[in-house]
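If you want the building blocks of each chain, they are given just below.
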Amino acid sequence: MNMFCRSITFFAICSAAYLTAAGHAAAQTKAQPAAAPRHVQVDLFRGLADIFSRGMDTLTDKLNRQGYTARVYSHTHWQSVARHIADRYARGDRDIVVLIGHSLGADATLQIANMLARSNVPVDLIVTFDGTHPHRVPDNVRHLVNFYQNNGFGKPISPGAGFSGELNNVDLTADSNLSHVTIDKSHRLHAEVIAKIAAIVNKDVVAARKAKKPKAKKPQSAQPKAA
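Residues numbered from 1 in each chain as written. Predicted model: local features only at pLDDT ≥ 70, side-chain atom pairs only at ≥ 80, totals over all residues. Heavy atoms only, no water.

A tally of helices and strands in the protein yields five helices and eight strands. In the protein, the succession of α and β elements from N to C terminus is α-β-α-β-α-β-α-β-β-β-β-β-α. Of all 227 residues assigned to the protein, the portion counted as buried reaches 38%. Sequence separation of 24 or more characterises 65% of the internal contacts of the protein that already satisfy a separation of 6 or more. (Helix = DSSP H or I, 4+ residues; strand = E, 2+ residues; numbered from the N terminus. Buried < 20%, exposed > 50% of the residue type's maximum accessible area, 1.4 Å probe, protein only. Contact = heavy atoms within 4.5 Å.)

Where nonpolar side chains cluster on the molecular surface, the patch consists of Leu48, Ile51, Phe52 and Val181 and spans about 380 Å² of accessible area. With respect to the helices and strands, the residue Val181 is situated in the loop between β8 (166-171) and α5 (187-212). (Patch = residues over 30% accessible without salt bridge, like charges linked within 9 Å, V, L, I, M, F, W, Y side chains within 5 Å. Areas by Shrake-Rupley, 256 points an atom, 1.4 Å probe, with all protein chains shown as cover. Salt bridge = Lys/Arg side-chain N within 4 Å of Asp/Glu carboxyl O.)

Axis angle and axis distance: for two packed helices, these are the angle between their axes and the distance between the axes, and together they describe the pair. Interhelical geometry of helix α3 (residues 78-90) versus helix α4 (residues 104-117) gives an angle of 40° and a closest axis separation of 9 Å. Compared by their axis directions, α3 and α4 come out oblique. Crossing hand, α3 versus α4: right-handed. Two secondary-structure elements touch here, α3 through Trp78, Gln79, Val81, Ala82, Arg83, Ile85 and Ala86 and α4 through Ala108, Gln111, Ile112, Met115 and Leu116. Classifying every residue of the contact of α3 with α4 gives nine nonpolar, two polar and one charged. (Axes fitted to C-alpha atoms, helices over the stretch in contact; angles between N-to-C directions. Parallel < 35°, antiparallel > 145°, perpendicular 65-115°, else oblique. Left-handed = near helix turned anticlockwise from the far one by under 90°. Nonpolar A, V, L, I, M, F, W, Y, C, P; charged D, E, K, R; others polar.)

All right, on to α4 then. With 14 residues, α4 ought to run about 20 Å at 1.5 Å a step, and its terminal C-alpha atoms sit 20 Å apart, in line with that. Residues of α4 that are buried include every one of Gly105, Ala106, Asp107, Ala108, Thr109, Leu110, Ile112, Ala113 and Leu116, and no others. Tucked inside the fold, the buried residues of α4 contact β1 (40-46), α3, β3 (96-102), β4 (125-129), β5 (136-137) and β6 (143-148). (Expected span 1.5 Å × (residues − 1).)

Strand order in this open sheet of six strands is β2-β1-β3-β4-β6-β8, and the pairing throughout is parallel. In this open sheet, the two strands that pair with only one neighbour each are β2 (69-74) and β8. Averaged over all neighbouring strand pairs, the angle between strand axes comes to 10°, with direction disregarded. Note that β1 and β2 share six bridges and pair parallel. Residue pairing for β2: Val42 is matched across the bridge by Ala70. The strands touched by α3 within the sheet are β1, β2 and β3, with β1 carrying the most contacts at an inclination of about 170°. Strands in contact with α4 are β1, β3, β4 and β6; relative to β3, the strand with the most contacts, it is inclined by about 145°. (Pairing = 2+ DSSP bridges.)

Our focus in this paragraph is the nonpolar core. Core analysis: the largest hydrophobic core is formed by 25 residues, its most contacted members being Val42, Leu63, Ile100, Phe129, Phe147 and Ile197. Those elements giving two or more residues to this core turn out to be β1, α2 (55-65), β3, β4, β6 and α5. Those residues in contact with Phe129, other than ones at most four positions away along the chain, are Met56, Ile100, Gly101, His102, Ser103, Ala106, Phe147, Ile183, Asp184, Leu189 and Val193. Judged by nonpolar contacts, the second largest core, of 21 residues, contains Val81, Ala86, Ile126 and Phe163. (Core = buried A, V, L, I, M, F, W, Y, C linked by side-chain atoms within 4.5 Å.)

Quick look at the structure:
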């Protein structure tokens, strides 16, 4: 075989190997559990007078660009939002519920959680930015992340009776670049929140897929023959 033929043969072998590897990679990608952001309802709440919490608006825009359904409210609307979530749950709309708030808006997220607890409605994630009261987490909350500073406003949050979820108090007092009126605008914290939501969504999707898989039947043992 001359040099030209050997080159053509080598090229063909390499191309076939590449296409085979690409096919395996594509199959593995399809097998990965995909997140379902459209099944996530994120409600965000501003603090006093809707003036100092515009980071909630920025985070709302970021979440919507990620494919989530995110809406931002004044903290004074917390009761109507809680009723809306409870009504949807009663109708069978079991979206992942995420509540995020700053200052008085952070307090509103815990007020909503307590109201929903009375109707046994689960809250998948709460994220608070420098809330103004030392709240306790009710037992219907699965995950809570509390970004706070010891600055006269922010306070750590404690587990309430029966709470068995994940509670993460993140003390940012040492970060001099943040204050009560800027903590909600931190792009770094926004990125952490978005990553946390994605992790919860993926975990929920994986759990749902496992639950749908039929259990393998145990082989029946051979029955002894009658004499």
